[in-house]
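Spelled out, the chains give:
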Number of protein chains: 2
Amino acid sequence: MHTTALVLFSGGQDSTTCLALALSKYERVETIAFDYRQRHRVELECRLNVLREIRAQFPQWALKLGQDHLLDLAVLGEVSDTSLTRDTAFKMEQSGLPNTFVPGRNLLFLTLAAAVAYRRDLQVIVTGVCETDFSGYPDCRDDTMKAMQLALSLGMDKRFLIETPLMWIDKAATWDMAERLGGPPLVNLIIEHTHTCYLGDRTHRQAWGYGCGACPACELRERGYARFRALQVPTPVQARSPMP
Amino acid sequence: MHTTALVLFSGGQDSTTCLALALSKYERVETIAFDYRQRHRVELECRLNVLREIRAQFPQWALKLGQDHLLDLAVLGEVSDTSLTRDTAFKMEQSGLPNTFVPGRNLLFLTLAAAVAYRRDLQVIVTGVCETDFSGYPDCRDDTMKAMQLALSLGMDKRFLIETPLMWIDKAATWDMAERLGGPPLVNLIIEHTHTCYLGDRTHRQAWGYGCGACPACELRERGYARFRALQVPTPVQARSPMP
């Protein structure tokens, strides 16, 4: 039924795991990301490193891995700069960074991804959004994804499937999924090459990868990794998170 | 219930009529448009002229007319340039212009409009999309608008109303709506200052406005205007299209 996919691939742990899943399931997989002048621009470098390493280390996946699309979304900054009437806009995020959150940013990503998927004739849009992590952004929720699937399918007169393999699992289960898909080499690739840290720190090497180790994104990744490793040794296979 | 609105305002006949409708119903109205390097860039000048004339000629509306937002959507060109696998992309449009149609373009406009509406605390998004004119783009259909209202409201965790006053009426009824809202001065303002022509022609003045008179957009506007004028004189009020 579904044989082709476009993965929203930011170069983080989650989207790398989604990419591995898509490569394990589909025959042709392309990737897309958005340059919206993110603070953590190092992500955009990391994602190319991840793609390079996947091609080098996983030859069976390299055959399926197609074009990478990077779209310039400077417009996000314009929306952020729009003079504001809502207090929320002036709040600082937990990490201490200024809140340049654009409401519904993820809807914009999905809409552009669908436009590219339409043009490239790709059926499935894979995204690593997740209701179980701390963010709780409404544009990452399951209801939103399902409404978007309808809106995009109707609006482009082509049926899309929005696949969200991480929606209901935690970070430990995400590590576990990576290991099931690509074994220790994929876990090591994720540790070495993906980026998560809000501060863009690539100098401090932790057990679970590079990062400051203190921002919420690092904490989440660290806790997930610790739980993944703790569960790994003594727990029988059937007690681990099932594959979706 | 609803007191504030953001109008997708391109500077054409349809969106000018929508703007007049919003100004007649709501207490605070803002406008938004997108610069996507459109061939008919004259639209972007016309829209400023329309806003200026509305402020000058309709003082009761001028008090309600707030900020105008123009977002740079260069990304649309990038999606168009994406190398393509679908034949549709290479087709020429009826007008003879190259088809740089981006599937779901209107979904992108609505998503960005909703982000601005969120930040500006505006409740209603008004758009002049219409199922009765010739285009039939799926991203202008009623089903799509209703699915988008759900997706945007869920994705931003704020209820939006997408209002489509022209969805089921034809161009003659759109002229008629303008006359009911703002009388002959608004009809004349639309003739003089709005832009419709695909070729960006502002040199040939027709009875119904400026334009080449030959492209599909001009033809549609001309036919609608002729029917509006023909219906106007002899027809009793109750036989004319009702206001939405």
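Our subject is the structure that appears above.
Residues numbered from 1 in each chain as written. Chains lettered and ligands numbered in written order. Predicted model: local features only at pLDDT ≥ 70, side-chain atom pairs only at ≥ 80, totals over all residues.

### Here we look at the overall build of chain A
Filter applied, for reference: Helix numbers and strand numbers start at the N terminus; a helix is a DSSP run of H or I with at least 4 residues, a strand a run of E with at least 2. We call two residues in contact if the C-beta atoms placed from their backbones are at most 7 Å apart.
Across its full length, chain A carries eight helices and seven strands. At a minimum sequence separation of 6, the contacts of chain A that also span at least 24 residues come to 66%.

### As for the environment of Ala114(A)
Worth spelling out the cut-off: Labels follow a simple rule on C-beta atoms placed from the backbone: if 20 or more others lie within 10 Å of a residue's own, it is buried; if 12 or fewer, it is exposed; otherwise it is partly exposed.
Secondary-structure assignment places Ala114(A) in helix α5 (residues 105-120). Residue Ala114(A) is classed as buried on the basis of its C-beta count, with 27 C-beta atoms lying within 10 Å. With 44 residues separating them in the primary sequence, Ala114(A) and Lys158(A) have C-alpha atoms 9.8 Å apart. Among all residues touching Ala114(A), those that are not within four sequence positions of it are Ile125(A), Leu152(A), Met156(A), Phe160(A) and Gly104(B).

### Re the sheet that holds strand β2 (residues 28-35) of chain A
Residue and element names in this part refer to chain A. Basically, it comes down to this: One bridge is not enough; two strands pair if DSSP finds at least two bridges between them. Fitted lines through C-alpha atoms serve as axes, helices being fitted only where they are in contact, and the angles separating the N-to-C directions of these axes extend from 0 to 180 degrees.
Strand order in the open sheet made by the five strands is β3-β2-β1-β4-β5, with parallel pairing throughout. Edge positions in the sheet fall to β3 (65-72) and β5 (161-163), since each has one partner strand and no second. On average, adjacent strands in this sheet sit at an angle of 25° to one another, irrespective of strand direction. Of the strand pairs in this sheet, strand β4 (residues 124-126) and β5 are connected by three bridges, and their pairing is parallel. Following the sheet pairing, Val126 is matched in β5 by Glu163.

### Quick look at helix α2 (residues 42-57) of chain A
All names here are of chain A. Rules: For a helix, the expected span equals 1.5 Å multiplied by the residue count minus one. Our arc is simply the arc of the directions from the helix axis toward the C-beta atoms.
Between its first and last C-alpha atoms α2 spans 22 Å; for 16 residues at 1.5 Å apiece the expected length is 22 Å, and the two agree. Taken together, the buried positions of α2 are Glu43, Cys46, Arg47, Val50 and Ile54. Relative to the axis of α2, the buried residues are bounded by an arc of 105° and lie together on one face. Counted as exposed and oriented over 90 degrees from the buried face of α2: Arg52 and Ala56.

### Quick notes on the nonpolar core
Applicable threshold: Nonpolar core, as used here: buried Ala, Val, Leu, Ile, Met, Phe, Trp, Tyr and Cys residues forming one set through C-beta atoms within 7 Å.
Core analysis: the largest hydrophobic core is formed by 134 residues, its most contacted members being Ala113(A) and Ala113(B). Residue contacts for Ala113(A): discarding those within four places in its chain leaves Leu6(A), Leu8(A), Ile32(A) and Ile125(A).

### Quick word on the packing of helix α5 (residues 105-120) of chain B against helix α6 (residues 142-156) of chain B
All names here are of chain B. Convention followed: Angular relationships are summarised with four words: roughly parallel below 35 degrees, roughly antiparallel beyond 145, roughly perpendicular across 65 to 115, and oblique for the angles in between. The hand of a helix crossing depends on one turn: near helix anticlockwise from the far one by less than a right angle means left-handed, and clockwise means right-handed. Throughout, the ten residues Ala, Val, Leu, Ile, Met, Phe, Trp, Tyr, Cys and Pro are labelled nonpolar, Asp, Glu, Lys and Arg are labelled charged, and all others, Gly among them, are labelled polar.
Where α5 contacts α6, the axes come no closer than 11 Å and their chain directions differ by 40°. By the criterion of interaxial angle, the relationship of α5 to α6 is oblique. Classified by chirality, the crossing of α6 by α5 is right-handed. Counting all contacts with α5, which are made through Leu107, Leu110, Thr111, Ala114 and Tyr118, the residues of α6 involved are Met148, Leu152 and Met156. Grouping the constituent residues of the contact of α5 with α6 by class yields seven nonpolar, one polar and no charged.

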